[in-house]
Amino acid sequence: MLSLRVFVSAAAALSAAACSANLDVFKTKAPEIVDVEVPVIVEGPPAAWQKDAIVGYVRGAFRDPYSIRDAEISSSAVQADGASPARTIVCVQLNARNGFGGYVGRRIVQFDLGGRSVRSASEAHPQCTEMHGKGAVYQPFPELEALSRL
């Protein structure tokens, strides 16, 4: 009877921990520095340096970057209001594992790029939807999926 109580207590503790855990694909919550009030202008396919910067960022910021599959990258866009330096934005659709080892389903991650590096990233940002409405298209992102073969 005692072993059954221990088992039930352990199961309850694990269940409570699972409910309060972060299910995101990021190791930590990325800071949000994006101003959605400034419109974006879609430019065209992302440059090679933008892809490289995103792959490098994902390797360091995702819980399991080697599990990424079904990755697609959007056109790049610029956000500028005239008063501050222009920001480059690229969105990526992907499926990756969370902290529990399960795939989270297809997510959209917005990357804010500048100075040939990623300044910040956030999930489900409304600017990715805005960019899609302005003609941004997604294309396969094999460079990101190649992490699974490392």
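Along each chain, the written sequence defines residue order, and numbers are assigned to residues from 1. Totals for whole chains, interfaces and linings use all residues, but because this is a predicted model, local features are given only for residues with pLDDT of at least 70 and pairs of side-chain atoms are given and counted only at 80 or more. The basis for the side-chain values is all heavy atoms of the structure; hydrogens and waters are excluded.

J.: Sorry if this is basic, but what is going on with the side chain of Ser-76 here?
T.: With respect to the helices, strands and loops of the structure, Ser-76 is situated in strand β3 (residues 76–79). Only heavy atoms matter for contacts: two residues are in contact if any of them lie within 4.5 Å across the pair. Setting aside anything within four residues of it in sequence, one finds Ser-76 in contact with Ile-41, Val-42, Glu-43, Gly-44, Pro-45, Pro-46, Gln-50, Thr-88, Ile-89 and Val-90. Secondary structure elements are defined from DSSP: runs of H or I of at least 4 residues count as helices, runs of E of at least 2 residues count as strands, and each element is numbered from the N terminus.

J.: What should I look at first to understand the state of the cysteines in this one?
T.: A disulfide bridge is the covalent bond that connects two cysteines by way of their sulfur atoms. The term disulfide is used for any two cysteine sulfur atoms that are within 2.5 Å. As enumerated under the stated definition, the model contains 1 disulfide in all. Two residues share a disulfide in this structure: Cys-91 and Cys-128, whose sulfurs sit 2.0 Å from each other. For the disulfide bridge between Cys-91 and Cys-128, the dihedral angle about the S-S bond is near -95°, and by the sign convention the bridge is left-handed. Residue Cys-91 is located in strand β4 (residues 87–95), and its partner Cys-128 is located in helix α3 (residues 126–133); the two are separated by 37 residues in the primary sequence. For Cys-128, a relative accessible area of 4% puts it in the buried group. Here's how the labels work: a residue is buried when its accessible area is under 20% of the maximum for its type, exposed when over 50%, partly exposed in between, all with a 1.4 Å probe on protein chains only.

J.: Would you mind showing me how to read the pattern of salt bridges here?
T.: Side chains that carry opposite charge are capable of pairing whenever their charged atoms lie near each other. A pair is scored as a salt bridge if a Lys or Arg side-chain nitrogen falls within 4 Å of a carboxyl oxygen belonging to Asp or Glu. Considering all chains together, one arrives at 7 salt bridges under this definition. Notably, a salt bridge pairs Arg-119 with Asp-112, separated by 3.9 Å at the nearest N-O pair. The network of salt bridges with common partners includes Arg-87, Asp-112 and Arg-119.

J.: What is the right way to read the nonpolar core from this model?
T.: Soluble globular proteins tend to bury their nonpolar side chains together. Ranked by internal contacts, the top residues of the largest apolar core, which has 24 residues, are Ile-54, Phe-62 and Leu-144. Listing elements by their share of this core, those giving two or more residues are α2 (48–61), β2 (69–74), β4, β5 (107–114) and β6 (117–123). Ranked by residue count, the leading element in this core is α2, at 5 residues. The contact partners of Phe-62, leaving out residues within four places of it in the chain, are Val-25, Phe-26, Lys-27, Ile-68, Leu-94, Ala-96 and Val-109. We call a set of buried residues a nonpolar core when its members are Ala, Val, Leu, Ile, Met, Phe, Trp, Tyr or Cys and they connect through side-chain atoms within 4.5 Å of each other.

J.: What am I meant to see in the packing of aromatic side chains here?
T.: Given two aromatic rings, one states the distance between the centres and the angle between the planes to describe the pair. By convention, a stacked pair of Phe, Tyr or Trp rings (six-membered ring in the case of Trp) has centres within 6.5 Å and planes under 30 degrees apart, an edge-to-face pair has planes over 60 apart, and any other such pair is tilted. On inspection of all chains with the given rule, the structure shows 1 aromatic pair. With centroids separated by 6.0 Å and ring planes inclined at 85°, the aromatic side chains of Tyr-57 and Phe-111 adopt a geometry described as edge-to-face. Separated by 54 residues along the polypeptide, Tyr-57 in helix α2 and Phe-111 in strand β5 bring together distant segments of the chain. The exposure class assigned to Tyr-57 is partly exposed, which follows from its relative accessible area of 21%. Phe-111 gets classed as buried once you look at its relative accessible area, which sits at 0%. Just above the ring of Tyr-103 sits the side chain of Arg-69; from NZ or CZ to the centre is 3.6 Å. Working rule: Lys NZ or Arg CZ, within 6 Å of ring centre, within 35 degrees of ring normal, means a charge sits over the ring.

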